[in-house]
Amino acid sequence: MTSKIILLVEDNPNDEALTIRAFKKNGIANEIVVARDGVEALDYLFAMGRFTDRIVAEAPALTLLDLNLPKIGGLEVLKRIRADERTKCLPVVILTSSDEETDLMKGYDSGANSYVRKPIEFLQFVAAIQQVGLYWLVLNEPVPPIRVPTR
Amino acid sequence: MLPDGLITADGGPNYASAILNILEDAADEHVRLKESQRAVLNILDDFTDERRRLDATQRAVLNILEDSNEEKLRAAGTQRAVLNILDDFADERTRRDATQKAVLNILEDSHAEQLRLADAQRAVLNILDDFEIEKSNVERINIELRNEVAERVRAEESLQRANAAADEANQELEAFSYSVAHDLRAPLRSIDGFSLALLEDYADSLDDTAKTYFGHVREAAQHMARLIDDLLSLSRVTRAELNRSRIDLAAVARDVIAQLQRDEPDRAVDLIAPTSLLAHGDVKLVKVALTNLLGNAWKFTGKTADARIELGEILESGHPVYFIRDNGAGFDMAYADKLFEVFQRLHTVTEFEGTGVGLATVQRVIRRHGGRIWAEGAVGRGATFYFTIKEGA
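Quick caveat: nothing in here was measured; it's all calculated off a predicted structure. (Residues numbered from 1 in each chain as written. Chains lettered and ligands numbered in written order. Predicted model: local features only at pLDDT ≥ 70, side-chain atom pairs only at ≥ 80, totals over all residues. Heavy atoms only, no water.)

Asks: Can you tell me about the overall build of chain A, naming the residues and giving the values?
Replies: Along the backbone of chain A there are five helices and five strands. Overall, chain A shows an N-to-C arrangement of helices and strands of β-α-β-α-β-α-β-α-β-α. Taking all 151 residues of chain A together, 52% fall into the buried category. Look at the contacts in chain A between residues 6 or more apart in sequence, and 64% of them connect residues 24 or more apart. In the form shown here, chain A has an accessible surface area of approximately 7,600 Å², with 54% of it arising from carbon and sulfur atoms. (Helix = DSSP H or I, 4+ residues; strand = E, 2+ residues; numbered from the N terminus. Buried < 20%, exposed > 50% of the residue type's maximum accessible area, 1.4 Å probe, protein only. Contact = heavy atoms within 4.5 Å. Areas by Shrake-Rupley, 256 points an atom, 1.4 Å probe, with all protein chains shown as cover.)

As structure tokens, this is what we get:
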């Protein structure tokens, strides 16, 4: 279970702290990698920048993606994930404040697997994280690992 | 008996002497005859001459007579000619009279014509006058039209500017709403989340008063979150495009009540609704309205035993009026007009939770559908909200 990495793409440090707390509250002890903007998220996923040592094939089991991000927005990050052979099947859940219809539509259009609005009341937030974690990390059968040709 | 000399001496006829005598006599006779013949011939000759003369005379007479006849015919002809001429002359005169009359008539007509012509001329002059007036009118109207066109162009330009401003304002409103949706909510999540974190992680260090205060902080944050959500919903109701279709109000009501029941499984509320209740409206907006109305009914029956919510339809002048009735807390009719104002509440938050935005949102939904909404109620005896949805518009 711990081998399944969660990528949390979140620019708000408070939300980051609360999200990590919510996972802990639910006893989900998976490693959580935090990317604080769109560029960091793509660097991590495609082993670039400060993540060059990473192996792309070891993709996160779940990516929680905020929409309003500095530099490269959440939707653009999602489109690039879907456009790349190595990451196109990655489970991506949009976790954001907005429940604007346009955001929902754009989110699904860009290839989101799920769209969850962050509840304000923390206990509800914990409940939401619990369900998301349980579903994607436990219940859902992931795509078999991509075989990268050995160099 | 034969004459004596011709009797012979013996007494018999003397034939020889008789024949001689006869011959002699015959010769004499012959001479006489010849003479007579001559005379007759002479006479005949004379007579022929005479006859010729007579013929000539006769011819002359005849000629004369012929001439005379011709003369007479000529005279008659002349007479007839004269008569004809006279006749002709009479005809001519008649004709002349007619001509004269005709001429007179023509002259009269011509006079009348002249009068008419004068009239016509006057009329034409009047028309020309009128035309002149008309022309100046037209020129004036043209100027007015040009001014009006210029004004319209200006109005159009100002309308375009206003539209552009409205578009800009809308975009700003969109941006504002978006910002409210995202950016105002995040701090509230922190306030609530970290307050709870303090309560959980530092429960031992906090006394009861501190815990109560943190409870208030959390309640306030949550209330503000609801306010933001309700205001966003109100703003969306105004901004959203209206797409009408057939909508079953009863089905929507059952969904809404089912959701409310999931949120508060301990509540027991009886929903009375027809199998289907069709209306023609925007599905999303009507859902927003029904969610608010049924949410209110659910909320205000929270302290009522045998809570009952009824959805139905009555006819008013042949048009459907929908209603949602509850047997909850009700309200004082004196404040009925305040019900639909934003932030107006008839109950304190401690009595019944609420933001005072819900019914304002419902009213906007109904108004956008060209309908009306009004309420009847009495304190402690429930409330009925009536609304119409303009058909087929």
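Read on, since the account is not over.
Asks: Go over the interface of chain B and chain A with me, naming the residues and quoting the values.
Replies: Tallying the contact residues gives 25 residues for chain B and 22 residues for chain A. When the two sides are added together, the surface that chain B and chain A hide from each other amounts to roughly 2,100 Å², 48% of it contributed by carbon and sulfur. Per-residue buried area on chain B facing chain A is highest for Tyr-178, His-182 and Arg-189 of chain B; these three make up 32% of the total on that side. At the surface where chain B touches chain A, the tally comes to nine salt bridges. Glu-200 of chain B is the partner of Lys-25 of chain A in a salt bridge, and the nearest nitrogen-oxygen pair spans 2.7 Å. Run the count over chain B and chain A and you get 15 residue pairs in polar contact (both at pLDDT 80 or more). Elements represented by at least two residues in the side of chain B that touches chain A include exactly α1 (15-201) and α2 (208-239) of chain B. Looking at which element gives the most residues to the side of chain B that touches chain A, the answer is α1 of chain B, with 16 residues. Split by residue class, the side of chain B that touches chain A holds ten nonpolar, four polar and eleven charged. (Buried area = accessible area lost by both parts, 1.4 Å probe. Salt bridge = Lys/Arg side-chain N within 4 Å of Asp/Glu carboxyl O. Polar contact = N/O pair within 3.5 Å; in protein donor to acceptor, adjacent residues only side chain to side chain. Nonpolar A, V, L, I, M, F, W, Y, C, P; charged D, E, K, R; others polar.)

Asks: How would you sum up the nonpolar core? Please name residues and give values.
Replies: Grouped together as the largest cluster of nonpolar side chains are 39 residues, with contacts concentrated most on Leu-249, Ile-324 and Phe-387 of chain B. Those elements that provide at least two residues to this core are α3 (249-263), α4 (283-300), β4 (307-316), β5 (319-326), α5 (358-368), β6 (373-377) and β7 (383-387) of chain B. Top element by residues in this core is α4 of chain B. It accounts for eight residues. The contact partners of Leu-249 of chain B, leaving out residues within four places of it in the chain, are Leu-277, Ala-279, Val-286, Leu-290, Leu-311, Tyr-322 and Phe-387 of chain B. Counting 24 residues, the second-largest nonpolar core is a separate cluster that includes Leu-7, Ala-41, Phe-51 and Tyr-115 of chain A. (Core = buried A, V, L, I, M, F, W, Y, C linked by side-chain atoms within 4.5 Å.)

Asks: Tell me about the environment of Val-237 of chain B, and name the residues and values.
Replies: All names here are of chain B. By the element assignment, Val-237 lies in helix α2. In this structure, the C-alpha to C-alpha distance between Val-237 and Arg-364, residues 127 residues apart in sequence, is 6.9 Å. Leaving out residues up to four positions away in the same chain, Val-237 has contacts with Leu-285, Val-288, Thr-361, Arg-364, Val-365 and Arg-368.

Asks: Which residues make up the sheet that holds β4 of chain B, and what are the values?
Replies: Residue and element names in this part refer to chain B. The strand order β2-β4-β5-β7-β6 describes an open sheet built from five strands, whose pairing is mixed. On the outer flanks of this sheet lie β2 (269-272) and β6, each paired with one strand and no other. Neighbour-to-neighbour, the strand axes of the sheet open up by a mean angle of 20°, direction not taken into account. With five bridges joining them, β6 and β7 adopt antiparallel strand pairing. Looking at the pairing, Ala-375 lines up with Phe-385 of β7. Contacts from α4 reach β2, β4, β5, β6 and β7, with the element oriented near 35° to β5. (Pairing = 2+ DSSP bridges. Axes fitted to C-alpha atoms, helices over the stretch in contact; angles between N-to-C directions.)

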